[in-house]
Amino acid sequence: MIIEPTINVSQLQGIVKERNEYRRLLDECLYILNSMPNKKVGTMKTYDLASKIDDVFRRFQ
């Protein structure tokens, strides 16, 4: 017998709300990264990081 997980409407709404908030924050980061000079931040440059965020947005639209 296969037991499928269930999710209720409030859990789904919470997941969607959380996803939308992460998306909004990433969108703000994308704007800021594209406004900054292309300098190294951590292991990559700001424009490379902005490009990665943009790629993720395109994949999940």
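Analysis parameters
- Residues numbered from 1 in each chain as written.
- Predicted model: local features only at pLDDT ≥ 70, side-chain atom pairs only at ≥ 80, totals over all residues.
- Heavy atoms only, no water.
- Salt bridge = Lys/Arg side-chain N within 4 Å of Asp/Glu carboxyl O.
- Helix = DSSP H or I, 4+ residues; strand = E, 2+ residues; numbered from the N terminus.
- Buried < 20%, exposed > 50% of the residue type's maximum accessible area, 1.4 Å probe, protein only.
- pLDDT = per-residue confidence, 0-100.

A. Seen up close, the pattern of salt bridges. Scanning the model with the defined rule gives three salt bridges in all. The partner of E28 in a salt bridge is R24, with the nearest N and O atoms 2.2 Å apart. On the criterion of helical spacing, the pair formed by E28 and R24 is a turn pair, its members being four residues apart in helix α1 (residues 9–35). R58 is paired through a salt bridge with D54; the nearest N and O atoms lie 2.8 Å apart. Of this pair, R58 and D54 are both found in helix α2 (residues 46–59), four residues apart, which corresponds to roughly one turn of the helix. Exposure remark for D54: the relative accessible area of 25% places this residue in the partly exposed category. Counted as one network, the salt bridges with shared partners bring together E21, R24 and E28.

B. Structural detail: the confidence of the model for the protein chain. Per-chain confidence: the protein chain averages 89 in pLDDT, with 100% of residues scoring 70 or above. Taken element by element, the predicted model of the protein chain shows its lowest mean pLDDT in strand β1 (residues 40–41) (89) and its highest in strand β2 (residues 44–45) (93).

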